[in-house]
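Chain by chain, the residues run as shown.
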Amino acid sequence: MQQLLQQAQKMQQDLAAAQQELAETPVEGSSGGGLVKATVSGAGELQGLVIDPKAVDPEDTETLADLVLAAVRDANNAAQELQQQKLGPLAEGLGGMPGLPF
């Protein structure tokens, strides 16, 4: 039982370290062939947005809004993939332990 508790504690520490690493890892997404670029943390927090002046048309702000949304979604999708890579193996390991809610 002691060994199980130690193993669970180590996995919990590994999970916390992976989550911290995700929070500090920038992930980029883009749209419009690179006209709009969004940067999010690996945890999915929007950190930056770059809009090429070529994407700005005062007569068509709707397209610009669509490009921004697409870039943010692309970045968030990349962040989710990174989360699966970092956290997936840890969650699987925790799932095999009896008495834990995973």
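Further up the page is the structure itself.
Before going into details, it helps to say that this report is about the structure given with it. For clarity, every value in this text was computed on a predicted model and none was experimentally measured. Every chain's residues receive numbers from 1 upward, in the order its sequence appears when written. Per-residue local features of the predicted model are confined to residues with pLDDT of at least 70, and side-chain atom pairs are confined, for both listing and counting, to 80 or more; whole-chain, interface and lining totals are unaffected and use all residues. Heavy atoms throughout the structure, all of them, feed into the side-chain values; hydrogens and water do not.

### Overview of the overall build of the protein chain
Threshold: Numbering of helices and strands runs from the N terminus; a helix is a DSSP stretch of H or I covering at least four residues, while a strand is a stretch of E covering at least two. Per-residue accessibility, obtained with a 1.4 Å probe over protein chains only, is compared with the maximum for each type, and a residue is labelled buried under 20%, exposed over 50%, and partly exposed between these values. The contact criterion used throughout is that any non-hydrogen atoms of two residues lie within 4.5 Å. Residue exposure ignores everything except the shown protein chains as possible cover, and the areas themselves are Shrake-Rupley values with a 1.4 Å probe.
Across its full length, the protein chain carries 2 helices and 3 strands. When the helices and strands of the protein chain are placed in sequence order, the string is α-β-β-β-α. Burial statistics for the protein chain: of 102 residues in total, 25% are counted as buried. Partitioning the intrachain contacts of the protein chain with sequence separation of at least 6 by distance along the chain shows that 52% fall at a separation of at least 24. Approximately 6900 Å² of the protein chain is accessible, and the part contributed by carbon and sulfur atoms is 51%.

### Details of the sheet that holds strand β2 (residues 36-41)
This is how the line gets drawn: If DSSP finds at least two bridges between two strands, the strands pair. Note on geometry: axes are C-alpha line fits, over the in-contact stretch for helices, and angles between N-to-C directions span 0 to 180 degrees.
The strand order β1-β2-β3 describes an open sheet built from 3 strands, whose pairing is antiparallel. Each end of this open sheet is capped by a strand with a single partner; those strands are β1 (26-31) and β3 (46-51). Geometrically, the sheet is characterised by an average inter-axis angle of 15° between neighbouring strands, direction not taken into account. Examined bridge by bridge, β2 and β3 share 5 bridges and lie antiparallel to one another. Considered in β3, the bridge of Lys37 is made with Val50.

### Focus on a negative patch on the surface
The test is simple: The patch calculation keeps residues exceeding 30% relative accessible area without a salt bridge and links them within 9 Å when they carry like charges or within 5 Å when they are nonpolar (Val, Leu, Ile, Met, Phe, Trp, Tyr). Criterion for a salt bridge: a side-chain nitrogen of Lys or Arg within 4 Å of a carboxyl oxygen of Asp or Glu. Positive charges come from Lys and Arg alone, negative charges from Asp and Glu alone, with His and the N- and C-terminal ends not counted. We put the charge of a Lys on NZ, of an Arg on CZ, of an Asp on CG and of a Glu on CD.
Negative charge collects at one region of the surface, where Asp57, Glu59, Asp60, Glu62 and Asp66 lie side by side. Counting through the fold element by element, Asp60 comes out in the loop between β3 and α2 (61-95). Residue Asp60 is classed as partly exposed on the basis of its relative accessible area of 31%.

### Brief notes about helix α1 (residues 2-24)
Since the α-helix turns once every 3.6 residues, residues separated by three or four places project in the same direction. For clarity, the cut-off: To estimate how far a helix should extend, the number of its residues minus one is multiplied by 1.5 Å.
The end-to-end C-alpha distance of α1, which contains 23 residues, comes to 33 Å, matching closely the 33 Å that a straight helix rising 1.5 Å per residue would cover. Buried residues of α1: Ala8, Met11, Ala18 and Leu22, and no others.

### Observations regarding a nonpolar patch on the surface
A contiguous nonpolar surface patch, about 330 Å² in accessible area, is contributed by Met1, Leu4 and Leu5. Following the sequence through the fold, Leu4 ends up in helix α1.

### Quick notes on the side chain of Ser41
Its location among the elements puts Ser41 in strand β2. Taking relative accessible area as the criterion, Ser41 reaches 3% and is therefore assigned buried. The residues touching Ser41, leaving out its near neighbours within four places in the chain, are Leu22, Ala23, Thr25, Val27, Gln47 and Ala79.

### Re the environment of Lys54
Tracing the backbone shows Lys54 in the loop between β3 and α2. In sequence terms Lys54 and Val36 are 18 residues apart; their C-alpha atoms lie 9.7 Å from each other.

### Regarding the environment of Pro26
Within the secondary structure layout, Pro26 lies in strand β1. Along the primary structure Pro26 and Gly42 are separated by 16 residues, whereas in three dimensions their C-alpha atoms are 6.0 Å apart. Not counting residues within four places of it along the chain, the set of residues in contact with Pro26 comprises Thr39, Val40 and Gln47.

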